[in-house]
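# Architecture and fold: a report
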Amino acid sequence: MPLVAHTPLPSFDRLKQRGQEVLTLDRALTQDIRELHIGLLNMMPDAALEITERQFMRLVGNSNQIAQFYVHVFSVPGLDRSPQTEAYIEKYYTSFEQVKKDGLDALIISGANVANPSLDQENFWGPLTEVIEWARLNVTSTLCSCLSTHALMKYFYQIDRVKRDSKKWGVFEHRVTQPAHPLLREINTRFDVPHSRWNSITREQIERAGLSLLIQSFDGEFHMAVSPDQLRIVYFQGHPEYDINSLLKEYKRDLSLYFAGKNEQPPYPENYFPLEARDIAERYLRQAHLALERGAELPEFPEDDMLPYLDNTWGDTARAIFNNWLGSVYQVTNVKRHIPFDEGIDPDNPLGIL
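Residues numbered from 1 in each chain as written. Predicted model: local features only at pLDDT ≥ 70, side-chain atom pairs only at ≥ 80, totals over all residues. Heavy atoms only, no water.

## Things to note about the pairing of strand β7 (residues 162-176)
The condition is simple: Paired strands, in this sense, are two strands between which DSSP finds at least two bridges. Here a helix means four or more residues in a row that DSSP labels H or I, a strand means two or more in a row labelled E, and each is numbered from the N terminus.
The sheet contact formed by β7 and strand β8 (residues 190-200) spans ten bridges and is antiparallel. The residue of β8 that forms the bridge with K168 is R197.

Structure follows, in structure tokens:
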């Protein structure tokens, strides 16, 4: 079944306007259908906060029709927020205390922006690790995206991410390494994934930690891995949740910082702009540089002109993986509701993988 709009969070209406099926709470309560409660710890910066809500909620809501999905969005202290965003969070988000009281079946942890060389120096590190530790003991499965994957590797395995010589930014081809794994059931064995990061956890670090590598890029970097029990923690190093225009908006942002003199001119995201989009971007760059030379106002970035030439080559696979993940959570939690954990499920292998 679909998402349930159980709070006034504006993203429910935005998703409904875009064609997503969203049940009102009254309608959901009339149906005798199993509920799954999914937490979303949203640590993204202000500009991406609401977009991130919708990206992950869409993936949850487009998964298999096994349950009604209640998504509980919350955040943690220690993140740099504007007063307006703090007010938004106060009005629409739940608290971690309430999450602990009510419980979750699964948890999603987003990425975040960082300002320190080591993640444990960030102001949000203490509150984040409190959530991680609670989830480890109380949640069937936790799924991490990009920075949160790096944070959990640091917390659980004392593994520090490695600074890259250049930013991994663009859309990259990947392949499945364990096609028989339940989380990868019936997905494409080759597909694309967006990445946007300056740091990496290497395949060698993943293997030394005893994790199962499920998906890697063609340059050998890991994208998806799971904890030794095959479900309790799912690690993504890329961004399967991204919209078709997410990298375009990042390029637009970095380009505006460049013209403001705050960074170097950004390269194009790799494997993302086709020739038509590059031609539009190059024409804009010429016009913008000319405007700067003349002391004139910069022209508007041609986002709407470029968007029709972009392709989403990762969305279907992302939905299939989320479908399998939520199905596995449903399977395990359903057994746990009827059979004591120590009798019905092997805690070291809840999916029964041989």
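## Let's talk about helix α4 (residues 83-92)
Put simply, the rule reads: Whether a residue is buried, partly exposed or exposed follows from its accessible area with a 1.4 Å probe, protein chains only, as a fraction of its type maximum: under 20%, in between, or over 50%, in that order. Working note: the arc is built from the helix axis to C-beta atom directions. Throughout, a contact is declared for two residues whenever any of their heavy atoms are within 4.5 Å.
Every buried residue of α4 is listed here: T85, Y88 and I89. Down the axis of α4, the buried set is contained in an arc of 95°. They therefore lie on one face. Every exposed residue of α4 that faces more than 90 degrees away from the buried side is listed here: P83, Q84, E90 and K91. Here the buried face of α4 lies against α1 (10-17) and α3 (46-61).

## Some words on the pairing of strand β6 (residues 141-145)
Our working rule: Look down the strands so they point away from you; if going from the first strand over the helix to the second traces a clockwise path, that crossover is right-handed.
With five of five residues buried, β6 is to be regarded as a mostly interior element. Of the two faces of β6, the one holding S141, L143 and S145 and the one holding T142 and C144 are both buried throughout. Bridge count between strand β5 (residues 106-112) and β6: four bridges; the pairing is parallel. Bridge pairing links I109 to C144 in β6. A crossover connection joins β5 to the parallel β6 through helix α6 (residues 125-138); in handedness this β-α-β unit is right-handed. Where β6 and strand β11 (residues 233-236) come together, four bridges link them in parallel fashion. Looking at the pairing, S145 lines up with F236 of β11.

## Re α6
For clarity, the cut-off: The length a helix should cover is 1.5 Å for every residue beyond the first.
Here α6 contains 14 residues, and its C-alpha end-to-end distance of 20 Å stays within 8% of the 20 Å for a straight helix at 1.5 Å per residue. Looking at α6, one finds that the buried residues are W125, L128, T129, V131, I132, W134 and A135.

## What to know about the pattern of salt bridges
So the rule is basically this: Whenever Lys or Arg places a side-chain nitrogen within 4 Å of a carboxyl oxygen from Asp or Glu, that contact is recorded as a salt bridge.
This structure, assessed with the given rule, holds 19 salt bridges. Residue D46 pairs with R81 through a salt bridge whose shortest N-O separation is 3.2 Å. Of this pair, D46 sits in helix α3 while R81 sits in the loop between β4 (68-74) and α4, and the two are 35 residues apart along the sequence. Its relative accessible area of 27% is what places D46 among the partly exposed residues. A relative accessible area of 13% means that R81 is categorised as buried. The residue E207 makes a salt bridge to R203 at a minimum N-O spacing of 2.9 Å. Within this pair, E207 and its partner R203 are both found in helix α8 (residues 203-208), separated by four residues, close to a single helical turn. Relative accessible area serves as the criterion here: at 43%, E207 is assigned to the partly exposed category. Within the structure, one salt-bridge network assembled from shared partners comprises R164, K168, R197, D219 and E221.

## Looking at the nonpolar core
Selection rule: Among buried residues, the Ala, Val, Leu, Ile, Met, Phe, Trp, Tyr and Cys ones that are joined through side-chain atoms within 4.5 Å form a nonpolar core.
Counting residues in each nonpolar core, the largest one holds 43 residues, and the members touching the most others are I108, M224 and W325. The biggest single contributor to this core is helix α12 (residues 315-338), with seven residues.

## Considering the packing of α3 against α4
Formally: Helix axes are fitted only over the stretch in contact, all axes being lines through C-alpha atoms; the angle between N-to-C directions runs from 0 to 180 degrees. Each angle gets one of four labels, with under 35 degrees taken as roughly parallel, over 145 as roughly antiparallel, 65 to 115 as roughly perpendicular, and the rest as oblique. Think of it as three bins: nonpolar holds Ala, Val, Leu, Ile, Met, Phe, Trp, Tyr, Cys and Pro, charged holds Asp, Glu, Lys and Arg, and polar takes everything else, Gly as well.
α4 packs onto α3 with a crossing angle of 30° between their chain directions and a minimal axis gap of 10 Å. Viewed along their axes, α3 and α4 adopt a mutual orientation that is roughly parallel. Between α3, through D46, L49, E50 and E53, and α4, the contact on the second element is made entirely by T85, Y88 and I89. Along the lines of polarity and charge, the residues of the contact of α3 with α4 split into three nonpolar, one polar and three charged.

## With respect to the environment of S328
Its location among the elements puts S328 in helix α12. Here S328 falls in the buried class, since its relative accessible area comes to 3%. On a C-alpha basis, the gap between S328 and S141 in space is 9.1 Å, while along the polypeptide they are 187 residues apart.

## Section: the side chain of H223
Its place among the elements puts H223 in strand β10 (residues 222-226). Excluding anything up to four places from it in sequence, H223 contacts H174, V193, H195, I215, Q216, Y235, F236, Q237, G238 and P240.

## A word on the confidence of the model for the chain
The condition that has to hold: Each residue carries a pLDDT score, the predictor's confidence in it, ranging from 0 to 100.
Confidence in the prediction for the chain averages 93 pLDDT; 94% of positions are at 70 or higher. The low-confidence segment residues 338-344, where pLDDT is below 50, has five contacts with residues more than four positions distant or belonging to other chains.

## Remarks on the environment of L257
The topology assignment puts L257 in helix α9 (residues 246-259). Taking the relative accessible area as the measure of exposure, L257 reaches 31% and is therefore partly exposed. Between the C-alpha atom of L257 and that of G220, which follows or precedes it by 37 residues, the distance is 32 Å. Ignoring any residue separated from it by four or fewer positions in sequence, one finds L257 in contact with K262 and N263.

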